[in-house]
Amino acid sequence: MHPPSRQDYVAITLGQRGGSYNNGKQWRRQSCWRKWKQLSRLQRSLILFTLVLLLICGFASYPTLTDHFTGKKTLDFKRKRERSHQASTFILYCLTIPMKKAVFVLFAAHILSLSWRGAVIDTEQGTEGAKDGPAKDDTAANQEDSFRHAWQGYKDFAWGHDELRPISKSYSEWFGLGLTLIDALDTMWIMGLKTEFEEAKAWVATELSFNKNVDVNLFESTIRILGGLLSTYHLTGDSLFLEKAKDIGSRLMPAFKTSSKIPYSDVNIGKGTAHPPRWTSDSTVAEVTSIQLEFRELSRLTQDQQYEVAVAEVMNKVHKLDGKLDGLVPMFINTNSGQFTHQGIFTLGARADSYYEYLLKQWIQGGKKETQFLEDYLQAIEGVKKNLVQKTSPNGLTFVGELSHGQFSPKMDHLVCFLPGTLALGAHNGLPEDHMDLAKQMMETCYQMYNQMETGLSPEIVHFNMHQGSVRDIEVKLADRHNLLRPETVESLFYLYRFTKDRKYRQWGWEILQNFNKYTKVSSGGYTSVNNVRDPDYPSPRDKMESFFLGETLKYLYLLFSDDFNLINLDQYVFNTEAHPLPIWPSSAA
Ligand code: DMJ
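An account of the accompanying structure is given in this report. Because the structure is a prediction, the values reported are computed rather than measured.

A word on the site of the ligand
So, point 1. Around the ligand sit Ile223, Arg224, Leu415, Arg486, Pro487, Glu488, Phe548, Glu552, Thr577 and Glu578, and those are all the residues in its vicinity.
So, point 2. In the environment of the ligand, an oxygen atom lies 2.6 Å from a nitrogen or oxygen atom belonging to the side chain of Glu488.
So, point 3. Between the ligand and Glu578, the relevant distance is 2.6 Å, taken from an oxygen atom to a side-chain nitrogen or oxygen of the residue.
So, point 4. Summarising the interface, the protein chains cover 91% of the accessible area of the ligand, which totals 290 Å² for the free molecule.
So, point 5. Put simply, the parts of the chain that give the shell around the ligand at least two residues each are α9 (218-236) and α20 (547-561).
So, point 6. Here the residues of the shell around the ligand are counted per class, giving four nonpolar, one polar and five charged.

What about the pattern of salt bridges?
So, point 1. Following the criterion strictly, the structure yields 22 salt bridges and no others.
So, point 2. The partner of Lys544 in a salt bridge is Glu163, with the nearest N and O atoms 3.5 Å apart. Here Lys544 is found in the loop between α19 (504-519) and α20, whereas its partner Glu163 is found in strand β1 (residues 163-165), with 381 residues between them in sequence.
So, point 3. Owing to a relative accessible area of 2%, Glu163 belongs among the buried residues under this scheme.
So, point 4. The closest approach of N and O atoms between Arg224 and Glu578, which form a salt bridge, is 3.8 Å. With a gap of 354 residues between them, Arg224 in helix α9 and Glu578 in the loop between β17 (573-575) and β18 (581-583) connect regions that are remote in the sequence. No difference in accessibility class separates Arg224 from Glu578, as the two residues are buried.
So, point 5. What emerges from the salt-bridge pattern is a single network uniting Glu220, Arg224 and Glu578.

Remarks on helix α17 (residues 433-451)
So, point 1. Taking 1.5 Å per residue as the helical rise, α17 with its 19 residues ought to reach 27 Å, and the 27 Å between its terminal C-alpha atoms agrees with that figure.
So, point 2. Of all 19 residues making up α17, 14 are buried, and the element is well covered by its neighbours.

Some words on α19
So, point 1. Between its first and last C-alpha, α19 extends 23 Å over 16 residues, near the 22 Å set by a 1.5 Å rise per residue.
So, point 2. Counting buried residues in α19 gives 15 out of 16 residues, a clear majority hidden from the surface.

Looking at the pairing of strand β15 (residues 461-464)
So, point 1. Across the two faces of β15 the burial is the same, with Ile461 and His463 and Val462 and Phe464 all buried.
So, point 2. With three bridges joining them, strand β14 (residues 411-413) and β15 adopt antiparallel strand pairing. Bridging from a neighbouring strand, Asp413 pairs with Ile461 of β15.
So, point 3. The pairing of β15 with strand β16 (residues 474-475) spans two bridges and is antiparallel. For Phe464, the partnering residue across the bridge sits in β16 and is Ile474.

Digging into the sheet that holds strand β6 (residues 282-284)
So, point 1. With respect to topology, three strands assemble into an open sheet ordered β6-β7-β8, the strand pairing being antiparallel. Edge positions in the sheet fall to β6 and β8 (340-341), since each has one partner strand and no second.
So, point 2. Bridge count between β6 and strand β7 (residues 332-334): three bridges; the pairing is antiparallel. Within the sheet, the bridge partner assigned to Asp282 lies in β7 and is Asn334.

Description of the environment of Leu360
So, point 1. Secondary-structure assignment places Leu360 in helix α14 (residues 353-365).
So, point 2. For Leu360, a relative accessible area of 0% translates into the label buried.
So, point 3. The spacing of Leu360 and Asn429 is 69 residues in sequence and 9.7 Å in space, taken between C-alpha atoms.
So, point 4. Among residues more than four places away in sequence, those in contact with Leu360 are Tyr377, Thr422, Leu425, Gly426 and Leu431.

Basis of the calculations
Residues numbered from 1 in each chain as written. Predicted model: local features only at pLDDT ≥ 70, side-chain atom pairs only at ≥ 80, totals over all residues. Heavy atoms only, no water. Near = heavy atom within 4 Å. Polar contact = N/O pair within 3.5 Å; in protein donor to acceptor, adjacent residues only side chain to side chain. Areas by Shrake-Rupley, 256 points an atom, 1.4 Å probe, with all protein chains shown as cover. Helix = DSSP H or I, 4+ residues; strand = E, 2+ residues; numbered from the N terminus. Nonpolar A, V, L, I, M, F, W, Y, C, P; charged D, E, K, R; others polar. Salt bridge = Lys/Arg side-chain N within 4 Å of Asp/Glu carboxyl O. Buried < 20%, exposed > 50% of the residue type's maximum accessible area, 1.4 Å probe, protein only. Expected span 1.5 Å × (residues − 1). Pairing = 2+ DSSP bridges. Contact = heavy atoms within 4.5 Å.

Note that all results are geometric; they support no functional claim without further evidence.
Rendered as structure tokens:
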């Protein structure tokens, strides 16, 4: 039998407190709570049982003890002996409780432990109390260990291949280009893992070849491979990475040879041909509008304008298209007509998410001069607020839902959790302060998507309750219970911590890391995505470690725990959507 749903006892606790969330708990209490949570249910029950026993014994021997410690000599020997006898008789009684009673006490302790768990979202704490946060040394070391463990698995069982399959101790190929290795290069550099970095660099120098008859996805290979190589070039100054970036960049260009100039989704980097997916001539809007940071940077470095011209054309076309709603874009665009298709559906999740992210980030990358990006971004955020932002019942969590032909759906992908970070980055760059307010509110929601699950890990998709009288805020459909080790929430925690210095964001990240370690770590090396975040007894491993776990998730966690705000200074670098930092251009370059 599975343990009771965490949502059940969370709901009970919240009901008692009857307020909205406020997670600024005194860190010391949170630290104890965290340690408590690491114990098994049996351990917790035994500890509570012992405590109850000690308490009873304490009461029984109270007069004797106080007499002793206050040095009272008034009791004569006989009375002392009587009291001491009473106390020891009581202790003996406690120790010889019949088994049934012991079971009852254990059960009571167990119930108590369940109601305590709900206190994790206690409403009484103020944020000012959270001064200390988790000790930096612990968390950074813990985090580096996590990376080393992930890397070791990849090294042992998947070296040079795209993704580790940690359970079967094997690998899977997507493009056959060492995706995890390339995605992880700058993470290792940032973490100072020199030995690991040098080994990986040697593989790039001797084994990595893009002259392969293989179809790659334009977007995925741009953000992971081109982005990873460009950022590693900037961090290390090593021309090897720039040469490789030029090679893959030029091999991706055939994707733009369409009648509309909206690129195809797939390119054969060996043959120089490109095509849409087999079933459609559409491309995904997020995919064609989230390759710009990388291609623009490639043009700046090579002084070859073809890359920037191609991606700028896409942005200009999308800017002018009909079919938007208050700056919100549909999810598909046709490579023949250049028009949006499947119109009337609006989401900040899959297929549209990074369109919004790259509007802001292109504006920042170019030195805040290209006002069209800023205008489109500001309009879109107003569109989000007007059409997609709602609050949950019973606890008033702020979320961003979806709209389908005028019908609102309270569904949110975990992917949407990039938004708090992006909003905060905009506010840091001078955009309206209410963007930061929305960022903080949404950050809380994204954290609760982890905190309210039995494993403390978020599902891929949640549905929020909005009807008055709902028992819980978050529902998860059976098909949406998986966790792919995605980065968006810890990414946003990193931004929120950098800009507010509120240690609760570190605390939340620390909890998420602990739960990755508890439920997704594979002892022989690596981490695995899981099928069911609602079953702590068997989250059901999927046997895959996505490259973005090393490229993004562990990098953002490391930076979240680092006190060095100059380590990837956010006034000098802008992260691409795969967490690869690219330089903000010097003012003359835009
Ligand atoms: C990554 O490849 C990128 O973050 C992308 O923008 C969205 N999907 C994954 C991570 O979830």
